[in-house]
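# Fold and contact review
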Amino acid sequence: MSVAAERGLDLVEVAPEAKPPVCKIMDYGKYKYEQAKRSQVAKKKQTVIQVKEVKFRPKIEEHDFLFKVRNVKKFLDQKNRVKVTIMFRGREFSFTESGYALLGRVIEELGDQVVVEQPPKMEGRAMGMLLAPKT
């Protein structure tokens, strides 16, 4: 303790569980500052991947379909995952095979720039699949 005080530094306990406890002489304020700077740089470099959702209906018109597929492409280009959902209402619920065909068509439109992370499956009155950009 006196050696650290003479040098104008701090005595920091590095490993309190060790027998005997391990201490280090350092400038603790400078150490905390450098640690905060390192975490800021690491935080700046990381990318946040979001899950975007695009909803379809089983009886969708061609232009609407192409418009929504264009949005899916845009989200994938931004390195986001996309959840494609088909909402069923009333009697549409009995024709789920048209939903599978529509999701297959979405995958076909996107081609090889997409990876299917979660294949199409029913979730209550909706059918969904999860797409991710190909890296």
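This is a predicted model, so every value here is computed, not measured.

## Notes on the packing of aromatic side chains
For the structure shown, the criterion picks out three aromatic pairs. With 6.4 Å between their ring centres and 80 degrees between their planes, Phe-88 and Phe-93 make a pair best called edge-to-face. Classification of Phe-88 by relative accessible area gives buried; the value is 3%. Here Phe-93 falls in the partly exposed class, since its relative accessible area comes to 33%. Note that Arg-105 overlies the ring of Phe-65, its terminal NZ or CZ placed 3.9 Å from the centroid. Note that Arg-125 overlies the ring of Phe-93, its terminal NZ or CZ placed 4.6 Å from the centroid.

## Regarding the environment of Leu-110
In this structure, Leu-110 sits in helix α4 (residues 96–110). Separated by 107 residues in the primary sequence, Leu-110 and Val-3 place their C-alpha atoms 68 Å from one another. When residues no more than four places from it in sequence are discounted, the contact partners of Leu-110 are Val-69, Val-72, Lys-73, Leu-76 and Leu-131.

## Some remarks on the sheet that holds strand β3 (residues 51–56)
Sheet architecture is open: four strands sit in the order β3-β4-β6-β5, paired in mixed fashion. The open sheet has two free edges, formed respectively by β3 and β5 (114–123), since each of these has just one partner strand. On average, each strand axis in the sheet is inclined to that of its neighbour by 20 degrees, with strand direction left out of account. For strand β4 (residues 81–87) and strand β6 (residues 126–133), the ladder comprises six bridges, and the chain directions are antiparallel.

## Comments concerning the pairing of strand β2 (residues 22–26)
Both strand β1 (residues 10–15) and β2 contribute to a ladder of five bridges, which runs antiparallel. Across the sheet, the residue bridging to Ala-15 is Val-22, located in β2. In sequence, β1 turns back onto β2 through a hairpin of six residues.

## Side note on the environment of Ser-98
Here Ser-98 lies in helix α4. For the pair Ser-98 and Pro-58, spaced 40 residues apart in sequence, the C-alpha separation works out to 6.6 Å. In terms of polar contacts, Ser-98 uses its side chain to reach the backbone carbonyl oxygen of Phe-95, at 2.7 Å.

## Let's talk about unusual backbone geometry
Looking along the chain, the bond that leaves Lys-19 and enters Pro-20 is cis, with omega of -10 degrees. You can see Pro-20 is positioned in the loop between β1 and β2. Of note, the phi angle at Lys-79 is positive, near 65 degrees, even though the residue is not glycine. Among the residues examined, Lys-79 registers a relative accessible area of 53% and is labelled exposed.

Scoring rules and cut-offs
- Residues numbered from 1 in each chain as written.
- Predicted model: local features only at pLDDT ≥ 70, side-chain atom pairs only at ≥ 80, totals over all residues.
- Heavy atoms only, no water.
- Phe/Tyr/Trp six-rings, centres within 6.5 Å; stacked < 30°, edge-to-face > 60°.
- Buried < 20%, exposed > 50% of the residue type's maximum accessible area, 1.4 Å probe, protein only.
- Lys NZ or Arg CZ within 6 Å of the ring centre and 35° of its normal.
- Helix = DSSP H or I, 4+ residues; strand = E, 2+ residues; numbered from the N terminus.
- Contact = heavy atoms within 4.5 Å.
- Pairing = 2+ DSSP bridges.
- Axes fitted to C-alpha atoms, helices over the stretch in contact; angles between N-to-C directions.
- Polar contact = N/O pair within 3.5 Å; in protein donor to acceptor, adjacent residues only side chain to side chain.

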